[in-house]
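Each chain, letter by letter, is given below.
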Amino acid sequence: MSINDSVATSRLEVKLGDHLTLRNPVIPASGCFGFGKEYAQFYELDALGAIMIKATTVEPRFGNPTPRVAETKAGMLNAIGLQNPGLEKVLSEELPWLERYDVPIIANIAGTTEEDYIQVVEQISHAPNVKALELNISCPNVKLGGITFGTDPVIAASLVRKVKQASSLPLYVKLSPNVTDVVQIAQAVEEAGADGLSMINTLLGMRIDLKTRRPILANKSGGLSGPAIKPVAIRMIYEVSQKVNIPIIGMGGIMTAEDVIEFFLAGASAVGVGTANFVDPYVCPTIISELEGWLDKLGVQHISELTGMGWKG
Amino acid sequence: MSINDSVATSRLEVKLGDHLTLRNPVIPASGCFGFGKEYAQFYELDALGAIMIKATTVEPRFGNPTPRVAETKAGMLNAIGLQNPGLEKVLSEELPWLERYDVPIIANIAGTTEEDYIQVVEQISHAPNVKALELNISCPNVKLGGITFGTDPVIAASLVRKVKQASSLPLYVKLSPNVTDVVQIAQAVEEAGADGLSMINTLLGMRIDLKTRRPILANKSGGLSGPAIKPVAIRMIYEVSQKVNIPIIGMGGIMTAEDVIEFFLAGASAVGVGTANFVDPYVCPTIISELEGWLDKLGVQHISELTGMGWKG
Amino acid sequence: MFKKKGLLSIVENREIAEHIFTMKLEGELVNELDQPGQFVHLRVGQGFDHLLRRPISICDVDHEKQQLTIIYRAEGAGTVAFSKQAVGEQVDVLGPLGQGFPIEERKAGEHVVLVGGGVGVPPLYYLSKRLKSKGVIVSHVLGFSHAGAVFLADEFAKLGDTYITTIDGSFGEQGLVTDVLDRWNITEWNALYSCGPLPMLRALSQRFEQHEAAYISLEERMGCGIGACFACVCHTPESDTSYKKICTHGPVFRVGEVIL
Amino acid sequence: MFKKKGLLSIVENREIAEHIFTMKLEGELVNELDQPGQFVHLRVGQGFDHLLRRPISICDVDHEKQQLTIIYRAEGAGTVAFSKQAVGEQVDVLGPLGQGFPIEERKAGEHVVLVGGGVGVPPLYYLSKRLKSKGVIVSHVLGFSHAGAVFLADEFAKLGDTYITTIDGSFGEQGLVTDVLDRWNITEWNALYSCGPLPMLRALSQRFEQHEAAYISLEERMGCGIGACFACVCHTPESDTSYKKICTHGPVFRVGEVIL
Ligand SMILES: Cc1cc2nc3c(=O)[nH]c(=O)nc-3n(C[C@H](O)[C@H](O)[C@H](O)COP(=O)(O)OP(=O)(O)OC[C@H]3O[C@@H](n4cnc5c(N)ncnc54)[C@H](O)[C@@H]3O)c2cc1C
Ligand SMILES: Cc1cc2nc3c(=O)[nH]c(=O)nc-3n(C[C@H](O)[C@H](O)[C@H](O)COP(=O)(O)OP(=O)(O)OC[C@H]3O[C@@H](n4cnc5c(N)ncnc54)[C@H](O)[C@@H]3O)c2cc1C
Ligand SMILES: Cc1cc2nc3c(=O)[nH]c(=O)nc-3n(C[C@H](O)[C@H](O)[C@H](O)COP(=O)(O)O)c2cc1C
Ligand SMILES: Cc1cc2nc3c(=O)[nH]c(=O)nc-3n(C[C@H](O)[C@H](O)[C@H](O)COP(=O)(O)O)c2cc1C
Ligand code: FES
Ligand code: FES
């Protein structure tokens with residue numbers, strides 16, 4: 001694989017605002033890559049543009065009962081329920097372990113109250129390899145809070161303002177697709193000071209088992225991800241990117257380099273790859289190695305030129 | 001095929017409230033079956049539980065420019081834009097033609113103003129084979145109106161009240177999935193007098209062509225349908241059916257008899273089959289012929305027993 | 001009469017020009033196919049990776065062997081998948097669909113010109129065979145991008161005068177099909193049937209607007225392929241809301257019948 | 001050491017009991033497989049009809065021939081698709097994954113009991129072979145629903161005492177595997193390894209809670225199969241938030257290590 005070649009060149013380097021430069025735009029999405037260790041068994045993590053680590057909460061969480069995943073056509077449902085080892089362990093073990101790689105970490109933050117969020121933000125911002133925050137205001141699985149932050153523009157904006165005061169790191173807000181008007185939320189968090197958006201999180205879905213006659217997931221409903229949701233992600237990014245002036249990390253169903261290009265055309269400046277990691281643990285380096293070929297095919301010098309080309313002039 | 005066998009028996013007969021009894025619960029969904037003529041070239045339409053005809057507006061409409069469809073993983077996008085021959089022709093040609101079949105027609109009604117809707121409702125209610133109305137307040141393709149009726153509970157309820165005054169036919173309201181809180185809209189239209197719900201309409205989506213670098217659909221975005229959206233439909237029906245007391249015609253990605261059972265378990269009392277007709281023109285009679293086998297497998301005497309079993313007791 | 005769907009077996013599937021494949025399909029449904037210009041609607045595989053059927057023209061029919069030949073360009077996801085299907089596999093075929101070229105109107109001894117471009121060429125082959133068997137004299141003007149993209153040149157040559165053009169001049173004459181019509185002064189014909197890219201059809205339509213028997217065959221993205229979904233409409237000159245469905249009223253239209 | 005993924009070719013795929021198939025897969029990746037109780041994670045086909053991989057236990061390994069044998073029940077969409085794959089087709093295999101049965105702890109001359117139920121039986125076969133080759137004396141207690149569901153009976157019999165039970169008594173003894181343990185008074189053993197349905201594992205766990213070397217192998221729906229997604233966790237007795245991942249800490253656990 002020509003990972004190192006592609007990493008070396010700058011045609012894939014992306015600048016997200018003034019605040020973050022990535023060697024390439026491919027970022028494993030939060031919750032689909034743990035804290036990196038498992039995928040480090042497959043390839044050197046330096047190949048990646050950045051890593052979005054699993055949502056971190058103040059206290060350790062066990063999450064939802066199992067089963068936590070189900071398969072759907074061209075997609076999957078998950079209701080992990082934000083299981084994570086808690087802030088302390090993330091700071092003392094997970095993040096330090098990742099320091100062996102030259103790769104920026106984007107810390108996904110979750111909580112059930114504003115105070116929760118602030119506490120994680122304040123402390124995690126001190127970790128030397130955490131270069132940006134991703135505010136998970138959209139995880140649909142936790143009943144207390146979570147979803148409400150992401151569906152109400154006023155509440156979302158308030159949280160963003162407080163988080164901005166608590167940290168000087170660039171702040172990405174992760175938007176939920178389960179809303180009537182995603183542009184409204186995007187604009188509200190931009191106005192409140194967000195440095196970027198990441199979108200989309202999962203769509204709320206369910207599957208029912210014909211044998212047990214009950215939902216397959218113990219949590220009943222879960223988040224739908226994978227290729228099935230890509231058209232929804234593309235549409236939302238296409239709409240939002242025309243209405244905000246902050247960069248968007250696009251995600252939702254990316255499986256191939258072609259998909260990455262489509263997200264750029266829609267308006268993304270970098271991309272998250274989630275579910276695809278389960279299908280093929282090598283998917284991120286594979287995509288990265290294929291991107292330049294696509295730039296050649298499209299006659300484009302630099303990948304950033306593609307951002308928003310689907311609607312620009 | 002044992003279409004006639006299964007039609008003859010009553011294990012599949014469904015009563016929707018007091019107002020509508022269907023010989024079986026399988027209904028081609030609006031917009032995917034024209035006004036029936038085309039599929040009558042494949043099988044006798046009497047096999048069907050009912051037919052939901054293409055949305056009808058006061059005036060004839062050409063709809064959106066082409067391309068109007070695109071393929072997505074396990075799904076498709078459409079932006080037909082409510083093309084239809086207009087009320088007059090539907091009344092003088094399409095509906096009379098359908099009278100040769102012993103099959104109830106559910107008339108899908110669209111418009112851009114309340115007055116539009118009322119006019120279609122008043123006149124189409126006089127057609128002898130129209131046994132119910134389906135209020136399309138959710139078609140995402142027409143910019144003027146359409147979408148706004150379906151995303152605001154107050155506006156939706158107002159329309160429903162007026163339509164109920166204009167017709168004594170049972171009124172089904174077709175809900176859009178592109179909302180933050182579908183239960184809220186469902187309850188609002190129930191309170192306003194709706195006799196049933198049909199859900200879900202398409203999710204808003206987009207695909208961008210890597211060659212042209214523009215959205216594939218001339219209308220840019222379109223409605224996502226097919227197996228990709230089934231988990232979203234199941235989830236919404238599961239939620240809504242626990243909060244309303246009117247029957248639900250469930251739809252969204254149904255391809256097989258198994259899918260029909262899943263919709264019943266979620267809370268549907270009948271089902272709409274849309275996109276699947278394009279994959280296999282015989283899909284509706286095939287599903288109907290397989291349903292009884294599933295009842296046997298599940299040890300259920302009558303299909304209605306399955307409604308809501310996914311959450312009941 | 002009920003319309004038909006059937007499973008046909010692949011008996012041949014091979015590349016005949018760059019990215020251009022010919023596939024022979026065998027089965028009972030072939031009995032139903034006999035109008036040149038009609039199309040079949042093919043499922044790609046069995047799952048839902050490619051949900052929509054692909055419309056492909058009838059390129060040749062052998063009723064004795066119950067074989068249908070199609071020629072397709074492996075370009076997008078579905079046609080690339082076609083190109084990988086093995087002999088012996090089955091394809092779910094819906095058809096015949098649409099209105100073909102109106103050959104009933106032609107009489108023995110008449111002169112007909114067939115104009116094709118790229119993957120618009122295949123339907124003209126069966127058309128030419130059928131016209132020839134009626135005693136019609138057929139000329140072919142076929143345009144391709146370059147030498148590597150040319151196919152069926154010999155086969156057409158056996159049926160009548162055949163002019164091949166390539167845009168880069170690497171095979172046959174350099175230029176567009178309309179250049180050939182001009183250069184060879186092909187004006188004396190009783191009918192002209194054409195299929196190919198939109199710019200070609202537009203040029204022909206303009207040129208032969210007044211002609212009684214000039215026909216074009218159109219393409220559009222389709223949902224149902226049978227007239228039910230309104231995916232494939234085009235405007236007609238009559239009014240703002242008047243239209244034709246390419247899948248059922250077409251794909252073949254008289255020049256001027258629809259707005260290009 | 002980097003983990004591995006590889007394409008293995010199907011060299012055999014046939015039904016050996018009702019809905020139970022054995023599949024032989026050949027290729028280089030087989031060199032990596034040698035711990036009984038570990039599993040492989042298989043893609044179903046190539047498109048996205050079945051997005052998630054399926055975890056299946058190693059049932060046998062032939063390093064010389066570079067062949068892996070798995071035995072699976074064709075039940076849901078993915079395993080039914082497996083059962084239709086033809087010899088010569090390739091399967092995308094990720095593995096070996098997880099922690100297998102700790103056979104290093106066993107010594108020649110020891111007596112070990114393997115208890116399996118249904119599709120929990122396959123991993124015990126390679127385990128038994130490996131134990132036997134170490135000189136361990138192995139007894140097998142294998143439970144199935146009925147005669148038609150029984151498989152590998154002869155193969156296990158060649159490796160040691162083999163008690164087969166069926167719920168309906170149509171083959172071997174009637175009853176559950178635990179009934180056999182009681183009836184034959186199988187209590188003198190150095191280790192017990194088990195794999196099968198949860199109720200069976202629960203019963204064994206209760207019974208042998210105090211035993212040092214009683215092991216169970218668990219199943220759970222998986223996302224990644226490598227420890228990254230938290231899909232497959234189970235509680236452990238230590239605290240409310242303490243857990244083990246079945247895909248990496250398991251699938252084999254000491255009795256009492258996790259809460260069933
Ligand atoms: C009546 C008719 C006859 C045709 N005959 C032939 C033929 O004989 N040989 C041949 O090579 N091609 C023919 N085409 C074009 C052929 O249908 C498309 O090239 C093909 O559908 C593209 O599919 P794909 O899997 O390559 O692309 P994808 O991009 O994967 O297709 C996605 C969707 O878009 C549709 N689509 C994409 N491009 C076109 C197009 N140009 N026209 C219509 N639908 C499109 C597909 O059918 C599918 O539904 C014909 C088209 C029509 C309408
Ligand atoms: C470590 C491990 C080893 C296994 N070894 C074997 C074996 O050797 N032979 C065998 O027949 N079965 C084995 N199983 C069970 C096997 O994984 C499931 O039967 C199979 O995944 C079901 O897939 P499907 O396509 O039939 O069902 P679907 O319903 O189509 O599966 C949908 C999704 O649910 C998952 N799923 C459904 N049932 C189960 C289950 N019981 N366990 C785990 N995931 C499930 C699937 O993997 C898939 O992701 C093992 C499971 C685990 C965890
Ligand atoms: C198993 C799983 C766990 C996830 N956990 C998180 C999480 O902890 N925080 C978060 O913001 N998003 C989480 N997500 C959402 C993904 O980051 C991503 O937004 C979504 O899955 C869409 O991308 P994809 O289709 O590429 O997976 C999770 C998704 C999956 C499938
Ligand atoms: C081509 C097409 C046209 C449609 N037209 C209409 C319409 O006119 N009125 C309407 O209420 N829904 C319309 N729909 C939505 C369907 O009736 C149905 O709600 C949706 O497609 C989900 O079901 P499916 O996944 O089975 O297709 C249309 C869908 C498609 C694919
Ligand atoms: S493709 Fe459906 S009407 Fe033509
Ligand atoms: S399956 Fe992902 S952690 Fe075990």
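Residues numbered from 1 in each chain as written. Chains lettered and ligands numbered in written order. Predicted model: local features only at pLDDT ≥ 70, side-chain atom pairs only at ≥ 80, totals over all residues. Heavy atoms only, no water.

A short note on the UniProt feature "domain: FAD-binding FR-type" (unreviewed entry) in chain C
Our working definition: UniProt positions are given in the numbering used here, feature names are shortened, and annotations may be inferred rather than shown by experiment. Numbering of helices and strands runs from the N terminus, with a helix taken as a DSSP run of H or I at least four residues long and a strand as a DSSP run of E at least two residues long.
Per the UniProt record, "domain: FAD-binding FR-type" (unreviewed entry) is annotated on residues 3-103 of chain C. Here residues 3-103 of chain C is 7% helix and 46% strand, with 22 Å between the C-alpha atoms at its ends.

Considerations on the relation of the copies chain B and chain A
Put simply, the test is: To superpose the copies, least squares is applied to the C-alpha atoms of every residue with a pLDDT of at least 70 in both.
Superposing chain B onto chain A takes a rotation of 180 degrees combined with a translation of 0.0 Å along the rotation axis, leaving an RMSD of 0.0 Å. Overall, the copies show the geometry of a two-fold rotation axis.

Things to note about the site of ligand 2
All names here are of chain D. Our working rule: Put simply, a residue is near a molecule or strand once any heavy atom of it comes within 4 Å of that molecule or strand. Under the rule applied, a polar contact is a pair of N or O atoms within 3.5 Å (in protein, one hydrogen donor and one hydrogen acceptor; residues adjacent in sequence only if both atoms are side-chain atoms). Here the accessible surface of atoms and residues is derived via Shrake-Rupley with a 1.4 Å probe, and residues count as covered only by protein chains that are part of the display.
Inspection of the region around ligand 2 gives 21 residues, with Pro-55, Ile-71, Gly-76, Gly-78 and Thr-79 positioned closest. Within the contact set of ligand 2, a nitrogen atom lies 3.1 Å away from a side-chain nitrogen or oxygen of Glu-219. Calculation on ligand 2 without its partners gives an accessible area of 830 Å², and the protein chains cover 86% of this total. Elements represented by at least two residues in the shell around ligand 2 include exactly β4 (54-57), β6 (67-73) and α1 (77-83). The element best represented in the shell around ligand 2 is β4, accounting for 4 residues.

Notes on the sheet that holds strand β5 (residues 60-62) of chain D
Residue and element names in this part refer to chain D. Where we set the bar: Strands were regarded as paired on the criterion that DSSP finds at least two bridges between them. Every angle, taken between N-to-C directions, lies between 0 and 180 degrees, and every axis is a line fitted to C-alpha atoms, over only the stretch in contact when it is a helix.
Spatially, 7 strands are ordered β4-β3-β7-β1-β2-β6-β5 in an open sheet, and the strand pairing comes out antiparallel. Every interior strand has two partners, whereas the edge strands, β4 and β5, have only one. Neighbour to neighbour, the strand axes of the sheet diverge by 35 degrees on average, direction disregarded. As paired elements, strand β1 (residues 5-17) and strand β7 (residues 90-97) share 5 bridges and run antiparallel to each other. Following the sheet pairing, Leu-7 is matched in β7 by Asp-92.

Here's the deal with the sheet that holds strand β16 (residues 252-254) of chain D
Residues and elements named next belong to chain D. As a reminder, the rule being used: Whether two residues are in contact is decided by their heavy atoms, any of which lying within 4.5 Å being enough.
Spatial ordering of the open sheet is given by β11-β10-β9-β8-β12-β13-β16, a layout of 7 strands whose pairing is mixed. Only two strands of the sheet have a single partner each, and these edge strands are β11 (173-174) and β16. In the sheet, strand β9 (residues 137-144) pairs with strand β10 (residues 161-166) via 6 bridges, with the strands oriented parallel. Bridge pairing in β10 places Gly-143 opposite Thr-165. Helix-sheet contacts for helix α2 (residues 122-133) involve β8 (111-117), β9 and β12 (191-195), and the interaxial angle to β8 is about 170 degrees. Across the sheet, helix α5 (residues 198-207) touches β8, β12 and β13 (214-217), and the angle it forms with β12 is around 160 degrees.

Looking at the interface of chain B and chain A
In plain terms, the rule: In short, buried area is how much 1.4 Å probe accessible area vanishes from two parts on joining, totalled over both. A side-chain nitrogen of Lys or Arg and a carboxyl oxygen of Asp or Glu constitute a salt bridge if their distance falls within 4 Å. Gly counts as polar in this scheme, as do all residues outside two lists: the nonpolar Ala, Val, Leu, Ile, Met, Phe, Trp, Tyr, Cys and Pro, and the charged Asp, Glu, Lys and Arg.
The interface of chain B with chain A comprises 42 residues on the first partner and 42 residues on the second. Approximately 3,500 Å² of surface area, both sides summed, lies buried where chain B meets chain A, with 64% of it carried by carbon and sulfur atoms. Broken down residue by residue, the surface that chain B buries against chain A is led by Met-206, Leu-210 and Arg-213 of chain B, which jointly contribute 21%. Linking Glu-262 of chain A and Arg-207 of chain B is a salt bridge whose minimum nitrogen-to-oxygen distance equals 3.9 Å. Summed over the shared surface of chain B and chain A, the number is 13 residue pairs in polar contact (both at pLDDT 80 or more). Of the residues that constitute the side of chain B that touches chain A, the class distribution is 24 nonpolar, 8 polar and 10 charged.

Observations concerning the pairing of β1 of chain D
Residues and elements named next belong to chain D. Bridge count for β1 against strand β2 (residues 20-26) is 7 bridges, and the pairing is antiparallel. Among the inter-strand pairings, Arg-14 is bridged to a residue of β2, identified as Thr-22. Taking the residues between adjacent antiparallel strands as the criterion, β1 and β2 are bridged by 2 residues, where His-19 takes a positive phi near 65 degrees.

Looking at the packing of aromatic side chains
Keep this limit in mind: Classification of ring pairs rests on two measures: the distance between centres of Phe, Tyr or Trp rings, Trp counted by its six-membered ring, which must be within 6.5 Å, and the angle between planes, read as stacked under 30 degrees, edge-to-face over 60 and tilted in between. Type-normalised accessible area, obtained with a 1.4 Å probe on protein chains alone, sets the label of each residue: buried when under 20%, exposed when over 50%, and partly exposed for intermediate values.
Taken as a whole and judged by the stated rule, the model has 26 aromatic pairs over all chains. Seen in terms of ring centroids, Tyr-117 of chain A and Phe-149 of chain A are 5.1 Å apart; in terms of plane orientation they differ by 80 degrees. Their pairing is edge-to-face. Of this pair, Tyr-117 of chain A sits in helix α3 (residues 114-124) while Phe-149 of chain A is found in helix α4 (residues 147-151), placing the two residues 32 residues apart along the sequence. For the pair Tyr-117 of chain A and Phe-149 of chain A, one class covers both residues: buried. Pairing Phe-144 of chain D with Phe-151 of chain D gives two aromatic rings, centres 5.3 Å apart and planes at 70 degrees, and the pair type is edge-to-face. Side by side, Phe-144 of chain D and Phe-151 of chain D carry an identical accessibility label, which is buried.

Observations concerning the site of ligand 1
Residues and elements named next belong to chain C. Selection rule: Here the bounds of each domain stem from an automatic or database domain assignment.
Residues in contact with ligand 1 amount to 21 residues; listed here are only the nearest, Pro-55, Ser-57, Gly-76, Gly-78 and Thr-79. Side-chain polar atom of Arg-54 to an oxygen atom of ligand 1: 2.9 Å apart, as the coordinates give it. In the environment of ligand 1, an oxygen atom lies 2.5 Å from a nitrogen or oxygen atom belonging to the side chain of Thr-79. For ligand 1, the accessible surface in isolation is 830 Å², of which the surrounding protein chains cover 86%. At the level of elements, β4 (54-57), β6 (67-73) and α1 (77-83) are the ones that each hand at least two residues to the shell around ligand 1. Top element by residues in the shell around ligand 1 is β4. It accounts for 4 residues. Built from parts of two domains, the shell around ligand 1 gets at least three residues from each of domain 1 (4-97) and domain 2 (111-254).

Let's talk about the pattern of salt bridges
Under the criterion given, the structure shown has 48 salt bridges over all chains. Residue Lys-164 of chain B pairs with Asp-195 of chain B through a salt bridge whose shortest N-O separation is 2.8 Å. Taken together, the residues span a long stretch of sequence, with Lys-164 of chain B in helix α5 (residues 153-166) and Asp-195 of chain B in the loop between α6 (182-191) and β10 (196-199) at a distance of 31 residues. A relative accessible area of 25% means that Lys-164 of chain B is categorised as partly exposed. For Asp-195 of chain B, a relative accessible area of 19% corresponds to the buried category. Its salt-bridge partner being Asp-259 of chain B, residue Lys-230 of chain B comes within 2.7 Å of it at the nearest N-O pair. Of this pair, Lys-230 of chain B sits in helix α7 (residues 230-241) while Asp-259 of chain B sits in helix α8 (residues 257-266), and the two are 29 residues apart along the sequence. For the residue pair Lys-230 of chain B and Asp-259 of chain B, the accessibility class agrees, reading buried in each case. What emerges from the salt-bridge pattern is a single network uniting Arg-207 of chain A together with Lys-230, Asp-259 and Glu-262 of chain B.

Some details on the nonpolar core
We apply this condition: What is meant by a nonpolar core is a set of buried Ala, Val, Leu, Ile, Met, Phe, Trp, Tyr and Cys residues, joined one to another through side-chain atoms within 4.5 Å.
Judged by nonpolar contacts, the single largest core of 326 residues is most densely connected at Leu-45 of chain A together with Leu-45 of chain B. Not counting the four nearest positions on each side in its chain, Leu-45 of chain A is found in contact with Phe-33, Gly-36, Tyr-39, Ala-40, Ile-51, Trp-97, Leu-98, Tyr-101 and Val-103 of chain A.

Description of the pairing of strand β12 (residues 222-225) of chain A
Along any regular strand, the residues point their side chains to alternate faces of the sheet. All names here are of chain A. Judged from the 3 bridges that link them, strand β6 (residues 75-78) and β12 form a sheet pairing that is antiparallel. In the sheet register, Asn-78 faces β12, and the bridge partner there is Gly-223. Pairing geometry for strand β11 (residues 203-205) and β12, over 3 bridges, is antiparallel. Considered in β12, the bridge of Gly-205 is made with Gly-222.

Structural notes on helix α2 (residues 87-98) of chain B
Residue and element names in this part refer to chain B. Threshold: To estimate the expected span of a helix, count its residues, drop one, and scale the result by 1.5 Å. Picture the helix axis, draw a direction to every C-beta atom, and the arc is the one those directions span.
For α2, with 12 residues, the first-to-last C-alpha span of 15 Å sits near the 16 Å given by 1.5 Å per residue. By the burial criterion, the buried members of α2 are Leu-87, Val-90, Glu-94, Leu-95, Trp-97 and Leu-98. The arc enclosing the buried residues of α2, seen along the axis, measures out at 145 degrees, which places them on a common side.

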